[in-house]
Structures are given as C-alpha cells and as structure tokens.
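A structural walkthrough
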Amino acid sequence: MIVSIPDVVPPGRLAGAGHPVFSLPCGLQLRPWSSDDAPVLAESCHDPDVQHWNRPGILSLDAARDRIARWEERRQAEQAVIWAIAAPDGGRPVGLVGLADVDLRGGSAEFLYWLLPAGRGRGAMADAVAGVSRWALEDLGLHRLRITHSVANAASCAVATRAGFTLEGTLRSALLHADGWHDEHLHARVQGDPAPR
C-alpha cells in the first residue's frame, strides 16, 4: 500500500503571508528590498568580503533593479524570501538575509546572507538569522533550516552558532571561490531545537 505523505507546509502559505517586516534587537529592521535600494545592491558587489564569500558578480543599476524584482517574483512562486537589513523607517540597507531553495513540500530552506561594513560589529546578522528562523519554523511551518559556509569564513560560522544552528559536519570541496575549491561547514536548526540565548 502506498501512503501519501502530506506537504510539510501547504502550498500558498508563503505567497499568501505577505512579506513580513521584523524589528531586530540590535535596532535594525528586516524589510523587503525596493527598487530604490538598487544602488546599494549594485555597490555591495564591490565589497571584497561580499564578493569573496557570496560570489554576486558585478551588477549594473538596471541589473540590481531586475534582481530585486526577481526576488519578489520568487517569493510569490514560493521559492525564496529575501530581506534588506536596514535602519527603521526606510533606512539605507546595510545587508541582506534570506531563505533560498525553499521546499515547502519537504519543509526545508537554506539561508543566504551578507553585511556591508556599516552593518558589521553589532550582532545584526545573528539577530537577523535568529528572527527569520523563528518566523520560518514557528509561523511558516518549515521543519529544517540550513546554513552552509566556507570553513575559512569564521564570521559566518560565528553567526550560525550564535543563531542556534548546530554544526553537523563538513562538505568536502563543496563550493568554488575565486581562490579555489572550499570545504564547507553545514549547520542546521530544526523544529524543537532550543532557541538561541
């Protein structure tokens, strides 16, 4: 007898929920990107750390606007949801956090994130990852969230740990960066894991 396994998250829940906005303990806010933020997105591609660890390529202003529009299309298609990390009341973004590879049927997604120098050093990314995780697990209903990062990226490892993601192992030679193939750490947080302190 074949038993049908129901979707972990029903189709339509992500698209129908709207794009949530969150206040972070560090004083910043998570909000949707807008076309007015395109200059920041284009400029972010020139930051050495963003370029090295995230491989965004170089974006023109028009390409940045197109990418922001595609992010909303991907949210509506329930494939991803991306936030700007910014000062409240429409402030200039200092970073990006999001969930990609969203699999509502299987109940999982993978984080992506970066911060510009203006956003670093105040715990903003750990706050952002913890806040998005709480929403994704408790409100949206996903079961498992993961973070992968180069083993050489100590800052990303610290973010994952502070946000309550358990280190599960190392993926050998998993991602090509400008300086060659990197091993990657795999961190995860699942329903029922304790919330970060």
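The rules we used
- Within each chain, residues carry numbers counting from 1 in the order of the written sequence.
- With the structure being a predicted model, the display of local features is reserved for residues of pLDDT at least 70 and the display and counting of side-chain atom pairs for 80 or more, all residues being used for whole-chain, interface and lining totals.
- Water and hydrogen atoms play no part in the side-chain values, which are based on all heavy atoms of the structure.
- Two aromatic rings, drawn from Phe, Tyr or Trp (for Trp, its six-membered ring), form a pair once their centres lie within 6.5 Å of each other, and the interplanar angle then sorts them: stacked below 30 degrees, edge-to-face above 60, tilted otherwise.
- Every helix listed is a DSSP run of H or I at least four residues long, and every strand listed is a run of E at least two residues long, numbered separately from the N terminus.
- The buried label applies to any residue whose accessible area, calculated with a 1.4 Å probe on protein chains only, is under 20% of its type's maximum; exposed applies above 50%, and partly exposed to all values in between.
- Only strands that DSSP links by at least two bridges are regarded as paired with each other.

Right, let's get into the packing of aromatic side chains. In total, this model carries 6 aromatic pairs according to the counting rule given. Geometrically, the ring pair formed by Trp 33 and Trp 114 is tilted, given 6.2 Å between the ring centres and 55 degrees between the ring planes. With Trp 33 in the loop between strand 2 (29-31) and helix 2 (38-44) and Trp 114 in strand 5 (residues 108-115), the pair connects residues that are 81 residues apart, well separated along the chain. For the pair Trp 33 and Trp 114, a shared accessibility class is recorded, and that class is buried. With a centroid separation of 5.6 Å and 85 degrees between ring planes, the pair formed by Trp 83 and Trp 135 is classed as edge-to-face. Within this pair, whereas Trp 83 is found in strand 3 (residues 81-86), its partner Trp 135 is found in helix 5 (residues 124-140), the two being separated by 52 residues in sequence. Both residues of the pair, Trp 83 and Trp 135, count as buried.

Across the 6 residues that make up strand 3, a large majority, 6, are buried. Here strand 3 shows a buried face lined by Val 81, Trp 83 and Ile 85 and a second buried face lined by Ile 82, Ala 84 and Ala 86. As defined by bridge partners, strand 2 adjoins strand 3 across 3 bridges and the pair is classed as antiparallel. Bridged to Gln 29 within strand 3 is Ala 86. Two elements, strand 3 and strand 4 (residues 93-103), share 6 bridges in a ladder whose sense is antiparallel. Looking across to strand 4, one finds that Val 81 is bridged to Leu 99. Adjacent in sequence and paired antiparallel, strand 3 and strand 4 are bridged by 6 residues, among which Asp 89 carries a positive phi angle near 60 degrees.

That's the geometry; what it means functionally is another story.
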